[in-house]
Amino acid sequence: MDNTVKVTIDGREVSVAQGTPLIEAAASAGIRIPYLCYCPGMKSVGSCRLCVVELEGSRTLVASCARQAKDGMVVRTDTPRVEAARRFVVDLLLSNHPKECLSCDKSGSCGLQDAAYGLGIPKTSYPMKDPGYPLDCSNPFIVRDYNLCVLCGLCIRVCESQSQGILSFMSRGMGMKVGTAKDLPLEESGCDFCGSCVSVCPTAALMEKGRQTRGREWAIERAASVCGYCGCGCETVLNRVDGRVVRVESPDPTAFLCARGRFGLDAYEHPERLRKPLIRRDGTLVECEWDEALDVAAAKLRDVRESAGVGSVGVILGANATCETALALGDIAHRALGDARVGSSARPYGFAVLSRLEESFSDLSVVATSDDIEAASVIVVAGADVTADSPAVGAWITRAQQRGATLVALDSRVTGVAKRADVHLRPRAGALGRALALLAKALLDSGGWDQEFVAARTSGIDELRSHLAQAAGGDWEAETGLSADALAEVAASLAGAKGHVVFVVSAETDDSAVIEGVIDLALLSGCAQGCIAPTTITSNVRGHFELLGDEEASDVVGSDATRALFVWDDDPKGRTFSGSELSSKLAALDALVVATSFMSDTAAAADVVLPVASVAETSGTRVSQEGRVRRQSEAPGTDSMSDFEVLSRMATGLGTALPWDKAEACEQAVATVLAAHRETTDPTSHRLTFPAHSAFGDVPEGSADRPTLLVGGTAFHFDDGLVTRHSALTALEIEGDLFGMNSEDMASLGLVEGSTVSVASDAGEVDAVARTLDSLAPGTAFVPRWSSNAKELLGDDPYDPACMPQHTSVHVRVVVVGTVQGGE
Amino acid sequence: MSVVATQECAVRSARLLVETFAEEKMCRKCVPCVLSVAQITSVLSDLSAGSATSGDTERLLAFCDGMDETAMCKLGRDVAIELKRLLGEHSQEFTHHESGSCPSGGCTSLLTFTVVGEKCTLCGACKEICPAGAVVGEKPLWYVADSMPFRIRADKCTGCGLCVPVCEPGAIVLQIGGDSVG
């Protein structure tokens, strides 16, 4: 069926696809219609009335953004009637818009300014009606000046469609205003500061605080890049003035960026940002020039290798290092340092899950992309707190829901996603693996699984059956806390899914039963492509996995042979608890060279500290958790040295040279390796296998005084917080000594908000401040991942191959030893 | 409605129309309707408060036309058409308001009450009843040679008209647009 339609616009015949709004049909004929409330990719409402056109057969003017082209329509955009209507609207808007164009940051990219300019309206002909709304600029990122608002409602719609939906129109006498519930300031309204509202605002009613007075719009140079703050790997457009980033935009206004991605680069402007190398002289670190620092660093490492032999020098590759850095450091380790071992800190953040997926599906095409998630008909989020750890995934899920997807959450906590879920099953903390197994069993029992697919494409179904038979034996329903009916309901929605099913799971899950359960469910649902989304909290786990392979993961630091370390953009000491063996090992090294953006515990012990360029200052490649290869922009004119240059000079100092003469050549080498991973094989050519199942661990019994500890991410800090601690994001973040508990548990222990508690685990004992977190199930407690309390209580060595980062799962028993009534 | 109003004031009717619309019917879904209504309300209140300027009626007509053309739905267009009808039918009355008078007496701020000295018996009933304290003057006292005559201060008078019925000799008159009424 031909689905193009012909319309006549200003006498020109235009062919467009059915469903195209008239405004786009006109644009395709080169006819520009002004608008304010329209945004491609979002639902049109036609409220600003600026895009009105004459439509033959219609008595009234019609909004061209909201009217779809139909065959035979005759439209005029250039008549006096249309122009008069547009002038009327702009004139009215100008009468409500205090003229501040001279010093307005939006000047040059303002929708109202453009419309007034286009119609030649210098000022309003009506009496000025300054609404006199107070400015909301109390938060660190978004300035709201509703006196400049044109009531287009885009902020409301974008917040609704991909974020918290906290904005709405409210009546203000005769007028109207956008506001939060009770008109609270943003930081008290539940806003997660994704900034999508700022991104779509046509005027300066919503502006980035950090962008104010830092350059006119026309002075901004834009460069496509990628965010380095989590595995989502969102595309960004860096806005620079004189080489400095003044704003981070999304590639199109409705593409999601979270608070970290949009506002978090301010950390690199912090005074504590390392800009010059440091070298240890007479016991203290002092600034020096690059030449000297690189010479000394190379000499130190070379001396250890020559005196202590092969294997005496280890290299730690930070989890967020680019693929180029990984490749170059690998080359330095193998050639210049004579087979030094390289350990990627990205390993615990998802290598295990990725290799399990490869085992079962033979490649990683099973990993769901944002498109897969947005197009899904059923989404199951199993234990991943995506709103905190991978906010973009949360936005994709919200969009899928708006398209009618069913959202199922499996989590003991009421996470951000669980709040929006159609079904939220709350298995007991630590019982997620069992819950997924029960779900697989319910799906098998219901007969709603894809029997044809399983028979034709997979192997191991019999093993799965016998594995799940255990579930029938034990009293699992009591152990997981889930009823058979609830599970059957979810199984039925999986069985009845009209399209694609996507499982979202945390890639750093330490419970292998979780990923096994998810693979089982995916295969039973007949999915083999784009159906599992492992979320990673660091930005290049997938890149390191593809470049280094799982076997490279090693206990570089822990090895007794290691006498010297070259640590690239990581803080092993800061990541571990105070009494760890790792700390004493680091202290006993003969040479320690650390590259970092900020002074860290590890850097403080180093012989040489090299400043690392930020994600906005060096080119490079990252692979998002979805497997998309994304490039950072070049940053001409900044005073930091690019990763490639530093490593290239290190290699020279060590007596070799990198095999690539310039950064582009290294990028080419990376592209080749990554492309090899993306070679598509015929998906039907290989057999899919149900995973080998490990035994289920015990489900810990949590209680108020001995709660199960959940360590998780929070919305504003990234990873260990070393970078984001220097960002204004910190102002919005919860306290590091927070110890969150359910209000029932708080009450049963006699705790009030702000009480001081002493918390002990097998590993350590800390003081903390009790806070009510009713998102937690009774018998569980929460500590933020980046806090020192988390490290002390978990007592894990981040480089011990036996340990996972234990982010969203349960491991440590905590005893509330004493309670002191806090004064709040 | 003022106690002295002789007939329905067109400006008041217009205000009632637009304000009722804004409070009860306006959906606030399109920009021109919300902003036009705000502008129209402010012009109408200027007209009935005596702070109007010449050309306000023309401005109102322009808002009606614009609103009729650009409002998203029938509700907004209908109110614009109705207001335009009022403006057409009562154009003289609107013009009177532009120059600060309300022929029907409906706009209390535009009313002027005056004490006619010749008729006044100096009883003081008007001063007692005036809620705004706008009446000045004093009853004559036997030991005072002369007394201050009763007078209504225009700056304090709210135009409520309560003084008119209590004045037995009918010494208080209302002036509308230069003519004395009642």
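Bear in mind that the values here come from a model prediction, so they are computed numbers and not experimental data. (Residues numbered from 1 in each chain as written. Chains lettered and ligands numbered in written order. Predicted model: local features only at pLDDT ≥ 70, side-chain atom pairs only at ≥ 80, totals over all residues.)

Asks: Can you walk me through the overall build of chain B in this structure?
Replies: Helices and strands together make up the secondary structure of chain B, namely seven helices and five strands. Computed over the C-alpha atoms, the radius of gyration of chain B is 21 Å, more than 25% above the 16 Å expected from 2.2 N^0.38 for a compact globule of 182 residues. In terms of principal-axis extent, the alpha carbons of chain B reach across some 75 × 25 × 25 Å. Looking at chain B as a whole, 40% of its 182 residues are labelled buried. Sequence-distant contacts in chain B: of pairs separated by 6 or more residues, those separated by 24 or more amount to 69%. (Helix = DSSP H or I, 4+ residues; strand = E, 2+ residues; numbered from the N terminus. Rg over C-alpha atoms; globule rule 2.2 N^0.38 Å. Buried ≥ 20, exposed ≤ 12 C-beta atoms within 10 Å, placed from the backbone. Contact = placed C-beta atoms within 7 Å.)

Asks: Help me out: how do you make sense of the overall build of chain A in this one?
Replies: Of regular secondary structure, chain A possesses 27 helices and 35 strands. For a compact globule of 824 residues, the expected C-alpha radius of gyration is about 28 Å, and chain A comes in at 29 Å, within 12% of that figure. Taking the principal axes of its C-alpha atoms as reference, chain A extends roughly 85 × 70 × 65 Å. With 824 residues in all, chain A has 56% of them scored as buried. If you take every contact in chain A between residues at least 6 apart in sequence, the share linking residues at least 24 apart comes to 75%.

Asks: Any chance you could explain the sheet that holds strand E12 (residues 244-249) of chain A here in plain terms?
Replies: Sheet strands pair by backbone hydrogen bonding; their relative direction is either parallel or antiparallel. All names here are of chain A. Pairing within the open sheet is antiparallel, and its three strands lie in the order E10-E11-E12. Unpaired on one side and paired on the other, strand E10 (221-226) and E12 mark the two borders of the sheet. Looking at each pair of strands side by side, their axes are set apart by 35 degrees on average, direction ignored. Pairing between E10 and strand E11 (residues 235-241): six bridges, direction antiparallel. Residue pairing in the sheet places Glu221 in a bridge with Arg240 of E11. (Pairing = 2+ DSSP bridges. Axes fitted to C-alpha atoms, helices over the stretch in contact; angles between N-to-C directions.)

Asks: Whenever I open this one, unusual backbone geometry confuses me. Can you help?
Replies: Peptide bonds are, in most cases, trans, and in most cases residues other than glycine have a negative phi. Residue and element names in this part refer to chain A. One non-glycine residue, Asp282, adopts positive backbone phi at about 50 degrees. Note on placement: Asp282 falls in the loop between strand E13 (278-281) and strand E14 (284-287). Phi at Asp339 is positive, roughly 55 degrees, even though this residue is not glycine. Within the element layout of this structure, Asp339 appears in the loop between helix H8 (323-336) and strand E16 (341-344).

Asks: Quick question: what am I supposed to make of the environment of Ala561 of chain A here?
Replies: All names here are of chain A. The residue Ala561 is located in the loop between helix H20 (541-548) and strand E23 (564-568) in this model. With 253 residues separating them along the chain, Ala561 and Ala308 place their C-alpha atoms 8.5 Å apart. In contact with Ala561, not counting residues within four places along its chain, are Gly311 and Ser312.

Asks: Which parts of the structure should I look at to understand the pairing of strand E18 (residues 406-410) of chain A?
Replies: Strand residues, when the strand is regular, have side chains that alternate between the two faces of the sheet. All names here are of chain A. With respect to burial, E18 is a largely interior element, five of its five residues being buried. The side-chain alternation of E18 yields two buried faces, one formed by Thr406, Val408 and Leu410 and the other by Leu407 and Ala409. Alignment of strand E17 (residues 378-382) against E18, held across five bridges, turns out to be parallel. In the sheet register, Val378 faces E18, and the bridge partner there is Thr406.

Asks: In this structure, what is going on with the confidence of the model for chain A? I would like to understand it.
Replies: Detailed reading of predicted coordinates is not advised where the pLDDT is low. Taken as a whole, chain A shows an average pLDDT of 89; of its residues, 94% reach a score of 70 or greater. Across residues 801-810 of chain A the pLDDT falls below 50, and counting only partners more than four positions away or on other chains, this stretch makes 40 contacts in the model. (pLDDT = per-residue confidence, 0-100.)

Asks: How do you make sense of the environment of Gly579 of chain A when you look at a structure like this?
Replies: As for its placement among the helices and strands, Gly579 of chain A is situated in the loop between helix H21 (572-575) and helix H22 (581-587). Here the alpha-carbon distance between Gly579 of chain A and Gly764 of chain A, two residues 185 residues apart in the chain, equals 8.8 Å.

Asks: Is there a simple way to explain the nonpolar core in this structure?
Replies: A general trend in soluble globular proteins is that nonpolar side chains are found buried together. Within the largest apolar cluster, 289 residues are counted, with the highest numbers of intra-cluster contacts made by Ile379, Ala382 and Phe503 of chain A. A per-element tally of this core places helix H2 (residues 31-49) of chain B first, with 10 residues. If we skip the residues at most four places from it in the chain, Ile379 of chain A touches Ile373, Ile397, Ala400, Ala405, Leu407, Val502 and Val504 of chain A. Counting 22 residues, the second largest nonpolar core, distinct from the first, contains Met741, Met746, Val766 and Ala777 of chain A. (Core = buried A, V, L, I, M, F, W, Y, C linked by C-beta atoms within 7 Å.)

Asks: What am I meant to see in the pairing of strand E32 (residues 765-772) of chain A here?
Replies: All names here are of chain A. Across four bridges, strand E30 (residues 738-741) lies against E32 in parallel orientation. Note that in E32 the partner of Leu738 across the bridge is Val769. Bridge count between strand E31 (residues 756-760) and E32: five bridges; the pairing is antiparallel. The residue of E32 that forms the bridge with Val757 is Ala768.

Asks: Help me out: how do you make sense of the confidence of the model for chain B in this one?
Replies: Chain-level statistics for chain B give a pLDDT mean of 87 and a share of 92% at 70 or above. Overall fold confidence (pTM) sits at 0.89, and the ipTM for the predicted complex is 0.82.

Asks: Please explain the interface of chain A and chain B as it appears in this structure.
Replies: The parts lose accessible area when they come together, and the size of an interface is often stated as this lost area. Facing the 22 residues of chain A at the interface are 17 residues of chain B. Of all the elements in the fold, those that place two or more residues in the side of chain A that touches chain B are helix H2 (80-94), strand E7 (168-172) and strand E8 (175-179) of chain A. When residues in the side of chain A that touches chain B are grouped by element, the largest group, five residues, is from H2 of chain A. Counted by class, the side of chain A that touches chain B contains 14 nonpolar, six polar and two charged residues. (Nonpolar A, V, L, I, M, F, W, Y, C, P; charged D, E, K, R; others polar.)

Asks: I tried to follow H20 of chain A on my own but got confused; where do I start?
Replies: Residues spaced three or four apart along an α-helix point in a common direction, a consequence of the helix completing one turn every 3.6 residues. Residue and element names in this part refer to chain A. The buried count for H20 comes to eight of eight residues, which makes it a mostly enclosed element. Buried within H20 we find Val541, Arg542, Gly543, His544, Phe545, Glu546, Leu547 and Leu548. Gly549 occupies a position one or two residues after H20 and carries a positive phi of about 80 degrees.

Asks: What is the right way to read the sheet that holds E17 of chain A from this model?
Replies: Residues and elements named next belong to chain A. Reading across from one edge, E19-E18-E17-E21-E22 is the order of the five strands in this open sheet, with parallel pairing throughout. A single partner strand is all that each edge strand has here, and the edge strands are strand E19 (423-425) and strand E22 (532-535). Strand-to-strand twist in this sheet, taken as the mean axis angle between neighbours without regard to direction, amounts to 15 degrees. Two elements, E17 and strand E21 (residues 501-506), share five bridges in a ladder whose sense is parallel.

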